[in-house]
Amino acid sequence: MGGLDGRPGDSAASRPLLRLIILRFASLAITLVAVAAAIFLILEVLPGDPAAIMLGTSAREDTLAALRHELGLDRPALERFVLWVGGLLQGDLGTSITYRMPVSALVADRLAITIPLSLLAILISTAIAIPLGVLAAANRDRGADRSVLVFSQLGVAVPNFWLGILGILVFSTALGWLPAGGFPGWSSGLWPSSKALVLPAFALALPQAAVLTRVTRSATLEVIGADFVRTARAKGLSERATLRSHVVPNALIPVATILGLQLSFFFGGAILVENVFNLPGLGRLAYQALAQRDLVVIKDVVLIFSGLVILVNFAVDLGYLVLDPRLRSRA
Amino acid sequence: MLKRPLAAALFVAAGLLPAHAAKTTLVVSLPIEPPGLDPTIAAPVAIREVTWVNLFEGLVRLDRDGRVQPLLAKSWEVSPDGLTYTFRLQDGVKFHDGTAFDSADVKFAFDRARAPNSTNAQKQIFAPIDAIETPDPATVRIKLKEPTGNFLYYLGWGDAVIVAPETAENNKANPVGTGPFKFKSWARGDKVELIRNPDYWQPGKVKLESVTFRFVNDPQAQVAALRAGDVDAIPNMAAPEVFAGLKKDPRFTVVAGNTEGEIVAGLNNAKKPFDDPRVRRALMHAVDRKTLIEGAYSGFGQPIGSHFSPNHPAYVDTTGVVPHDPAKAKALLKEAGFGSGLAMTIKTPQMPYASRSAELLTAMLSEVGVDLKIVPTEFPAKWIEEVFKNKDYDMTIVAHTEPLDIDIYARDSYYFNYKSDKLKAVIAEAARTVDEKARFAKYAEAEKILAEDVPALFLFQLPKLGVWNAKLKGMWENYPIPSADVTEVYWVD
């Protein structure tokens, strides 16, 4: 379709893109419906009565019944499922059981932290991992390579919440450079808000950077041994130029795959890190909602996380098209 | 001469020179975020910590020693038969939205709490009420169905604060009370901000201009924020091992006080062999409370022999009734037919005090031939379902944080499955007794019955581990009621 305006170069690139987008959205819809049904069923069998949690152990049976009625928990499961999905289709996420406010408002505030945090973490992680991985591969079995491997081994072994606590001790308690936790709110300005995200983003990013470094290193090593690289060298290209224009672009494809998987991981890792740093993000909301059995919020947040993961995978697939010209021309 | 400016510069650098004026803002770190800000519709302690006497006020309140004091009622009379309470209300009290407070608000608040569709977590406070009369705007007359010894005391709780008919519906998100602080904002997941109420009926009572409650779940993160100066006070922290380390730091005031929380290892008294008092007593004899407190709570916390707070004037020391005596424990088990051993489980929630205590109990009980297996559970959701509702357990362990809750052992549906007519009679008698001294004597009697009968292993009183800036005065040392009263808090230079 894109070729109608007569620019030949366009059609080749956009047709697979369009197909990809349609396929992706179809799979997004199917996955979300499956996730919705699964999470609803899981929460049905998960022990825990939100009314009993809200009213404690001294509440009388009539009081519990009054709250269950108020929350709509006394309706049949099927009716609740239909009401929930029907609401979702109209863009209504429902009302939080614990906060008693619209989930959409809660989630919007939380995403304004979790998405920038994850993006910052992935930025840090790639900025560290790709140069280090290439450096290690280019200096295989030499000092630089060994140091990088030690770093990555350490990074893989260290859990991110522990790294977070360590970061607080050093940069907040001892040095006083960065806040120890909490979030001032975007309204307080870009700098104070970003400052609050620096330590958590590093805590999230470093273990992932370690994994990504190893992937980059091995992908680069694989490409370095390939025929076309030898050809490039034989043409008389310098080692540096070979690396830059032949090795790295080809090595980035597996790296992109891992990066996509990692971004999904960042959303999960955010649950731990947001709790350590007391950031009111989506991860902390999920954690609190689960402890409080805020069934409405849990269902919505799990759906949103699933949607985000699917969107990220979609973005990674688009990334392949950019990184690998063969995928574009094959269509 | 050279030395002095140098010294001054050093002092400035160290931040030790007095400021021009004392600070009037306060940041308090609380472990749990409240699920709403209306203490009259839900149970969580976190709601009371933010709102009780800071935002909302009752007819009476409890002071830091747990005694009933006048608040919105300046005085009251109780009829000789104990059935009629006549309250005279304070003059010139306004709600935060500017509307006047009078007897109609009291009637509204209590009628709302005892209505059929009420979700008040302590509805039983209002159960004795027969009628509420408002002869004039400054007088409330409450008639009871039967004499109720602790009626006034319970009116001091967060569940009985006075709310206005115009605003009650929205209090969960936008609380409107009569207290010295007004609600300013709530960044969900992060903090609640209160500011001073300029029209408060006791002018000059509070010195702070604003209070921020920040919700930080992780004790390490709480302490890091305190050390970094981001928060001024942690009124009650859950990590005794971290707390002990703060004692050496001169920047902070560190106080280990008492709460109303009893940590007990509840037994399923209806299940064999725990229906046999000899078995229950044997389990209690096997426990060395001192060692348990050392291991589970770094030595903070007072041993208890029954279900009663040492803060309360009716407390009697019953720790010697069934003392640590492994030989006696073995003898009792043998007598009950378990000379060759007994296998049982303890449903253990995730709180550190619970899992540590359970591990120590396992070790102590193994010495008398009891094989105690730890079965993890999740508090509150799973625990309420499995233990509290379904009573599917042998032994469990939780802190009972409600003040004056010894009557739980007289409740038929309670999770202990404990049925003692003797105790029920004493508790009922105490509830009816208006005379304080006679009522306290009844409580003492109930404490002794429990200590001897051991429906639960009585372990220790949960301490209140408070740490705050050394320049901060007026914080509470003990918690006679779950709260974080900041109305008397101020900074000194």
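Since we're looking at a predicted model, the values are computed, not measured. Chains are numbered independently. Their residues run from 1 in the order of the written sequence. For this description, chains carry letters from A and ligands carry numbers from 1, given in the order in which they are written. Residues qualify for local features only when their pLDDT is at least 70, as the model is predicted, and side-chain atom pairs are given and counted only at 80 or more; totals for whole chains, interfaces and linings, by contrast, use all residues.

Only DSSP runs of H or I reaching four residues or more are called helices, and only runs of E reaching two or more are called strands; each is numbered from the N terminus. Assigned secondary structure in chain B consists of 13 helices and 20 strands. The C-alpha radius of gyration of chain B comes to 24 Å, within 12% of the 23 Å expected for a compact globule of 493 residues. Considered along the principal axes of its C-alpha atoms, chain B spans approximately 75 × 75 × 40 Å. Exposure classes come from backbone-placed C-beta atoms, where a residue is buried if 20 or more other C-beta atoms lie within 10 Å of its own, exposed if 12 or fewer do, and partly exposed in between. Out of the 493 residues in chain B, the part that is buried amounts to 49%. Relative to all contacts within chain B whose residues are 6 or more apart in sequence, the contacts with residues 24 or more apart total 70%. For the radius of gyration, the atom set is restricted to C-alpha positions; the globular benchmark scales as 2.2 Å times the number of residues to the power 0.38. C-beta atoms are placed from the backbone for every residue, and two residues are taken to be in contact when these atoms lie within 7 Å.

Once that is clear, we can look at the overall build of chain A. The secondary structure content of chain A amounts to 13 helices and zero strands. With the C-alpha coordinates of chain A rotated into their principal frame, the extents come out at 85 × 60 × 40 Å. Per-residue burial for chain A yields a buried fraction of 37% across its 331 residues.

Let us now look at the sheet that holds strand β7 (residues 139-144) of chain B. Residues and elements named next belong to chain B. Note on pairing: two strands pair once DSSP finds at least 2 bridges between them. Here we have four strands laid out as an open sheet, ordered β4-β5-β7-β6, and antiparallel in their pairing. Of all strands in the sheet, those with a lone pairing partner are β4 (73-78) and β6 (129-136), marking the two edges. Averaged over all neighbouring strand pairs, the angle between strand axes comes to 20°, with direction disregarded. Where strand β5 (residues 84-89) and β7 come together, five bridges link them in antiparallel fashion. For F87, the partnering residue across the bridge sits in β7 and is V140. Axis lines are fitted through C-alpha atoms, for helices just across the contact stretch, and the angle between N-to-C directions can take any value from 0 to 180 degrees. Sheet strands touched by helix α3 (residues 103-114): β5, β6 and β7. Its angle to β6, the strand with the most contacts, is close to 165°.

Consecutive side chains along a regular strand alternate between the two faces of the sheet. All names here are of chain B. Examined bridge by bridge, strand β8 (residues 181-187) and strand β9 (residues 191-196) share six bridges and lie antiparallel to one another. Pairing of F181 across the sheet is with R196, part of β9. Linking two consecutive strands that pair antiparallel, namely β8 and β9, is a turn of three residues; a positive phi of about 90° is found at G189 within it.

Residue and element names in this part refer to chain B. Pairing is parallel across the open sheet formed by three strands, whose spatial order is β15-β14-β16. Each of the sheet's edge strands pairs with one partner strand only, and the pair in question is β15 (370-376) and β16 (395-396). Looking at chain direction, strand β14 (residues 342-348) and β16 are connected through two bridges and run parallel. Directly across from I346, in β16, lies its bridge partner M395. Set on the sheet, helix α10 (residues 352-366) makes contact with β14 and β15; between it and β15 the angle comes to about 165°.

Opposite the 38 residues of chain B that make contact, chain A presents 44 residues. Counting residues per element, the ones that place at least two in the side of chain B that touches chain A are α5 (219-227) and α11 (381-389) of chain B. Broken down by element, the residue count for the side of chain B that touches chain A peaks at six residues, all from α11(B). Residue classes follow a fixed rule: Ala, Val, Leu, Ile, Met, Phe, Trp, Tyr, Cys and Pro count as nonpolar, while Asp, Glu, Lys and Arg count as charged, and any other residue, Gly among them, counts as polar. Partitioning the side of chain B that touches chain A into residue classes produces 15 nonpolar, 10 polar and 13 charged.

Attention now goes to the environment of I132(B). Residue and element names in this part refer to chain B. Note on placement: I132 falls in strand β6. Here the alpha-carbon distance between I132 and F110, two residues 22 residues apart in the chain, equals 8.4 Å. Contact partners of I132, with chain neighbours within four places excluded, come to K107, F110, D111, V140 and I142.

Now for the nonpolar core. Buried Ala, Val, Leu, Ile, Met, Phe, Trp, Tyr and Cys residues form a nonpolar core when they are connected through C-beta atoms within 7 Å. Counting residues in each nonpolar core, the largest one holds 221 residues, and the members touching the most others are V301(A), V28(B) and L457(B). Beyond its immediate sequence surroundings of up to four residues, V28(B) is in contact with V211(B), F213(B), V231(B), D232(B), A233(B), P235(B), A484(B) and V486(B).

Here we take up the packing of helix α12 (residues 421-432) of chain B against helix α13 (residues 436-453) of chain B. Residue and element names in this part refer to chain B. Where α12 contacts α13, the two axes come as close as 9 Å, and the packing angle between them is 160°. Classed by the angle they form, the pair α12 and α13 counts as roughly antiparallel. Handedness of the α12/α13 crossing: left-handed. The segment α12 lies against α13, with K422, L423, V426, I427, E429 and A430 engaging R439, K442, Y443, E445, A446, I449 and L450. Here the residues of the contact of α12 with α13 are counted per class, giving eight nonpolar, no polar and five charged. Oblique is the label for every angle not falling under 35 degrees (roughly parallel), over 145 degrees (roughly antiparallel), or within 65 to 115 degrees (roughly perpendicular). By convention, the crossing between two helices is left-handed when the near helix turns anticlockwise from the far helix through less than a right angle, and right-handed when the turn is clockwise.

Moving on: the environment of L272(A). Residues and elements named next belong to chain A. Position of L272 among the secondary structure elements: in helix α10 (residues 239-276). Each C-alpha atom of the pair L272 and L55 lies 28 Å from the other, and the pair is 217 residues apart in sequence. Setting aside its immediate chain neighbours within four residues, L272 contacts N160 and F161.

Further remarks concern the pairing of β9(B). Inspection of the sheet shows β9(B) paired to strand β10 (residues 210-215) of chain B by five bridges, in the antiparallel sense. Each bridged residue has a counterpart across the sheet, and for I195(B) the counterpart in β10(B) is S210(B).

Our focus in this paragraph is the packing of helix α7 (residues 160-174) of chain A against helix α8 (residues 190-224) of chain A. All names here are of chain A. For the pair α7 and α8, interaxial distance at closest approach is 9 Å and the crossing angle is 140°. Comparing the axis directions of α7 and α8 gives the class oblique. Here α7 and α8 pass one another in a crossing that is right-handed. Residue-level inspection shows N160, L163, G164, G167, I168 and F171 of α7 in contact with α8, the latter providing L199, P200, F202, A203, L204, L206 and P207. Each residue belonging to the contact of α7 with α8 can be placed in one class, and the counts come to 10 nonpolar, three polar and no charged.

Before going further, it helps to examine α10(A). Because an α-helix completes one turn every 3.6 residues, residues spaced three or four positions apart along the sequence face the same direction. Residues and elements named next belong to chain A. Across its 38 residues, α10 extends only 45 Å between first and last C-alpha, which sits more than 12% below the 56 Å expected from 1.5 Å per residue. Bend is the name given here to the angle between axes fitted to two runs of seven residues, the run ending at a residue and the run starting at it. Approximately 40° is the largest bend angle found in α10, and it occurs at V247, with the proline P249 only one to four residues beyond. N278 sits one or two residues past α10 and shows a positive phi near 55°. Expected helix span is taken as 1.5 Å per residue step, with the number of steps being one fewer than the number of residues.

All right, on to unusual backbone geometry then. Residue and element names in this part refer to chain B. In this structure, P273 follows K272 across a cis peptide bond, with omega equal to 0°. For P273, the location among the structural elements is in the loop between β12 (252-266) and α7 (277-285). Cis peptide bonds are those with omega within 30 degrees of zero, and the linkage from F379 to P380 qualifies with 0°. Relative to the helices and strands, P380 is located in the loop between β15 and α11.

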